[in-house]
Amino acid sequence: MRSKPLFFAAVFLFLACQNALASFNIETDLNSIDFGYMNPTATKGDIPFQGLTVRCTSDQGNPWQLRLRLETPLRHDNNPSQVIPNENFWWYGISTTGSGTLVIDEQDFLIERVAYNAPAGEGASGIDIRLQFKLTIPSSAQSGPYSTRIILTLIE
Amino acid sequence: MVFLRVIAVVFFVFFLNIYTAYSTQEDTPLTASVNVNSIFKISIQDSFLDFGSVDPGEISTKKDINLSCVTNNNKDWSVSIYAQSPLAYEEYEIPLSNFKWEASVLNGSGQVSTSGNIGLTPVNFYVAGIDDYITETPVELALSMHIDVPAGQVAGRYRTILVVTMHEE
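I will try to describe carefully the structure that is included in this document. Predicted model, so just to flag it, every value in this text is computed and none were measured.

**Considerations on unusual backbone geometry**
All names here are of chain A. The peptide bond linking Ile47 to Pro48 adopts the cis configuration, its omega dihedral lying at -10 degrees. On the secondary structure map, Pro48 appears in strand S3 (residues 43-58). Residues other than glycine seldom take positive phi values, yet Thr41 does so here, at roughly 75 degrees. Within the chain, Asp46 stands out as a residue other than glycine whose phi angle is a positive 55 degrees. The topology assignment puts Asp46 in strand S3. Overall, the presence of 12 C-beta atoms within 10 Å leaves Asp46 in the exposed class.

Written as structure tokens, this is what we have:
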């Protein structure tokens with residue numbers, strides 16, 4: 001009778017150890033990107049200048065993807081009803097150290113999109129993906145600071 | 001019995017691993033920011049207003065100026081006008097009470113004061129409506145002005161400087 005709890009304990013211990021030893025993470029070289037000061041109707045691209053480097057690591061052996069989405073539209077910090085629409089905000093890939101497929105055409109933030117498709121077995125020692133961003137300010141944008149969060153997702 | 005239990009555990013681990021593999025996901029947030037510049041300006045079509053030659057006791061022809069106002073500050077604003085001095089020629093003056101204006105809105109949602117005299121202190125002639133707080137297209141105003149030249153006024157070229165101001169509350 002005592003063997004049953006032992007079996008389950010062993011199973012959970014096995015899984016916990018396996019997950020603890022597994023490497024599956026995403027990190028960026030910057031915590032933020034800033035478009036600085038812009039006039040209404042202005043467009044600014046190639047931000048950040050050196051690109052945002054996203055390092056994806058996975059030793060699971062499965063195909064994986066890097067996806068991007070916006071948590072909210074860019075919102076005015078003092079007047080949240082004022083937003084810069086997601087279709088005015090774009091991202092695009094500029095390089096990768098991996099052998100997968102990187103999206104290099106401009107993509108808006110209307111929906112979550114895949115930026116990089118990695119084949120099975122890639123990424124055990126980390127794959128670097130460099131991205132840049134572009135923004136157009138609408139003619140009717142209120143002056144002042146706007147911010148949001150870009151969510152980068154590593155998913156198998 | 002033990003064999004079956006081992007098989008069951010192996011399958012359990014196998015399917016749980018498959019489930020774990022398909023649900024593996026990790027997010028990292030990145031803050032994005034921009035600062036939209038303030039645009040707040042008024043422009044005038046002509047910076048020189050010449051009423052021509054007018055006989056004493058007569059009214060000049062009307063002269064129009066068009067004003068264009070742009071802002072993206074999302075605040076109350078208004079437009080005022082005043083003269084820095086009476087219309088003067090040497091030591092002679094034409095009182096500002098004889099310098100008349102009429103205002104009209106060509107494009108805008110605010111309230112306009114239709115007419116008045118130029119004074120030495122600013123007088124609001126346009127108060128922006130809420131749709132003007134961020135002007136996707138400029139607010140266009142027209143000022144039509146004329147001068148009643150008093151009878152017996154000394155001949156000469158009379159001048160003053162008019163100041164039109166757009167100001168936020």
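Now that the structure has been shown, the text picks up again.
**Quick look at the sheet that holds strand S9 (residues 107-108) of chain A**
Residues and elements named next belong to chain A. Strand order in the open sheet made by the 5 strands is S1-S3-S11-S7-S9, with antiparallel pairing throughout. Whereas interior strands pair on both sides, the edge strands pair on one side only; in this sheet they are strand S1 (24-28) and S9. Bridge count for S3 against strand S11 (residues 127-136) is 8 bridges, and the pairing is antiparallel. Each bridged residue has a counterpart across the sheet, and for Thr43 the counterpart in S11 is Thr136.

**Topic: the nonpolar core**
With 32 residues, the main nonpolar core has A:Val54, A:Cys56, A:Leu66, A:Ile129 and A:Leu152 as its most contacted residues. For this core, the elements supplying multiple residues, two or more each, are strand S2 (32-38), S3, strand S4 (64-70), strand S7 (89-96), strand S10 (113-118), S11 and strand S12 (144-155) of chain A together with strand S1 (25-36) of chain B. In terms of residue count, the dominant contributor to this core is S11(A) (5 residues). With 21 residues, the next largest nonpolar core counts B:Cys69, B:Ile94, B:Ala103 and B:Phe125 among its residues.

**Examining the sheet that holds strand S2 (residues 40-44) of chain B**
Residue and element names in this part refer to chain B. A sheet is described by the order of its strands in space; here 5 strands give the open sequence S2-S3-S11-S7-S9, paired in antiparallel fashion. Each end of this open sheet is capped by a strand with a single partner; those strands are S2 and strand S9 (115-117). Strand-to-strand twist of the sheet, defined as the mean angle between neighbouring strand axes without regard to direction, takes the value 25 degrees. In this sheet, strand S3 (residues 63-71) lies alongside S2 in antiparallel orientation, the contact comprising 5 bridges.

Reading the values: the criteria
- Residues numbered from 1 in each chain as written.
- Chains lettered and ligands numbered in written order.
- Predicted model: local features only at pLDDT ≥ 70, side-chain atom pairs only at ≥ 80, totals over all residues.
- Helix = DSSP H or I, 4+ residues; strand = E, 2+ residues; numbered from the N terminus.
- Buried ≥ 20, exposed ≤ 12 C-beta atoms within 10 Å, placed from the backbone.
- Pairing = 2+ DSSP bridges.
- Core = buried A, V, L, I, M, F, W, Y, C linked by C-beta atoms within 7 Å.
- Axes fitted to C-alpha atoms, helices over the stretch in contact; angles between N-to-C directions.

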